[in-house]
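Secondary and tertiary structure notes
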Amino acid sequence: MKKSFVVLACTSVAIALSACSGTTAASNQSESTVTPKPSQSAPASAPKSESSFKDGVLTTSKLKIAITDHKVIPVGAAGNEYGKKPVIAFWYQTTNLSDKEVSPMDFIFDITAYQDNNPNRENKLNVGSLPDPRFLDSQTAKIKKGGTVENAIAYELDDVTTPVDLVASEKLGMDKIGKVTFTLK
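Residues numbered from 1 in each chain as written. Predicted model: local features only at pLDDT ≥ 70, side-chain atom pairs only at ≥ 80, totals over all residues. Heavy atoms only, no water.

**Some words on the overall build of the protein chain**
To keep things clear, this is the line we draw: Labels follow the DSSP assignment, with helices taken as runs of H or I lasting at least four residues and strands as runs of E lasting at least two, numbered in each case from the N terminus. In what follows, residue pairs with any heavy atoms lying within 4.5 Å of each other are defined as contacts. The Shrake-Rupley method, run with a 1.4 Å probe sphere, supplies the accessible areas, and residue values consider only the shown protein chains as cover.
Looking only at helices and strands, the protein chain has three helices and eight strands in total. Ordered by position from N to C terminus, the α and β elements of the protein chain give α-α-β-β-β-β-α-β-β-β-β. In the protein chain, 64% of the contacts between residues at least 6 apart in sequence involve partners at least 24 apart. Surface summary for the protein chain: the accessible area is close to 12,000 Å², and the carbon and sulfur share equals 56%.

**Considerations on the confidence of the model for the protein chain**
Atom-level detail of predicted coordinates should not be read off regions where pLDDT is low. What counts, and what does not: A score from 0 to 100, pLDDT tells how confident the predictor is in each residue.
The pLDDT averaged across the protein chain works out to 79; a share of 72% of its residues lies at or above 70. Across residues 1-48, confidence stays below pLDDT 50; counting only partners more than four residues off in sequence or on other chains, it has five contacts.

**Structural notes on the sheet that holds strand S8 (residues 175-182)**
Note the threshold: Two strands form a pair only when DSSP identifies at least two bridges running between them. Helix axes are fitted only over the stretch in contact, all axes being lines through C-alpha atoms; the angle between N-to-C directions runs from 0 to 180 degrees.
Read from one edge of the open sheet, three strands run S5-S7-S8, paired in antiparallel fashion. Two strands lie at the open edges of the sheet, namely strand S5 (111-115) and S8, each paired on one side alone. Geometrically, the sheet is characterised by an average inter-axis angle of 25 degrees between neighbouring strands, direction not taken into account. Looking at chain direction, strand S7 (residues 164-170) and S8 are connected through seven bridges and run antiparallel. Counted as the bridge partner of leucine 166 is valine 180 from S8.

**Brief notes about the pairing of S7**
Looking down a regular strand, the side chains alternate between one sheet face and the other. Let me state the cut-off plainly: For every residue, the accessible area obtained with a 1.4 Å probe (protein chains only) is divided by the maximum for its type, and the residue is called buried under 20%, exposed over 50%, and partly exposed between those limits.
Most of S7 sits out of view: seven of its seven residues are buried. Where burial is concerned, the two faces of S7 agree: the one with Val164, Leu166, Ala168 and Glu170 and the one with Asp165, Val167 and Ser169 are both buried. Bridge count between S5 and S7: five bridges; the pairing is antiparallel. What sits directly across from glutamine 115, in S7, is valine 164.

**Topic: unusual backbone geometry**
A positive phi angle is found at aspartate 55, which is not glycine, with a value near 50 degrees. Tracing the backbone shows aspartate 55 in the loop between strand S1 (52-54) and strand S2 (57-59).

**Structural notes on the packing of aromatic side chains**
What counts, and what does not: Ring pairs are drawn from Phe, Tyr and Trp, using the six-membered ring of Trp, whenever the two centres fall within 6.5 Å, and their geometry is named by plane angle: stacked under 30 degrees, edge-to-face over 60, tilted for the rest.
Counting across every chain of the model gives three aromatic pairs. By the ring-pair criterion, three or more aromatic residues cluster together here, those being Phe90, Tyr155 and Phe182.

**Regarding the environment of glycine 146**
Position of glycine 146 relative to the elements: it lies in the loop between S5 and strand S6 (148-156). By relative accessible area, glycine 146 is classed as exposed at 58%. When the C-alpha positions of glycine 146 and asparagine 96 are compared, they lie 5.3 Å apart, and in sequence the two are 50 residues distant. Leave out the neighbours within four places in its chain, and glycine 146 touches Thr95 and Asn96.

Below you can see the structure in the form of structure tokens.
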């Protein structure tokens, strides 16, 4: 009984190993036709090199966001009537460069605001109320390929002297593209 169990176990292992070795060879072969050799440039790195965030303009394969203006709005002033903190507001244009769905709200997914005024942790700023009522109806509009829609966004400030860094990234913050710093006046 023990002998037949050992033979059965060895046979099972041999079958499993031959199946695995066949699968491994097949998957390595198909990978070599899809994945370039290390000496070639990998397609995965191409989107990173195509994406940039300089001088207030974020460009990816999907969209272009160009910041056209910014200003600090104190509590109670037009654009921050209901806020409890001063805000920094950005006006921008979003252009759809692809066949993918793009809206002015992509700003929130692609750009994060920080104010480096805490020595112990990152200080990510919270999004404030829409600072410009002209965009109430268009802030979630679907932008056609090649089309451009204007919008505005505000971030609640923790102080009115520390500069604000806008950090652009892809894949929900996984791949940093760049950073632009805005001084507060």
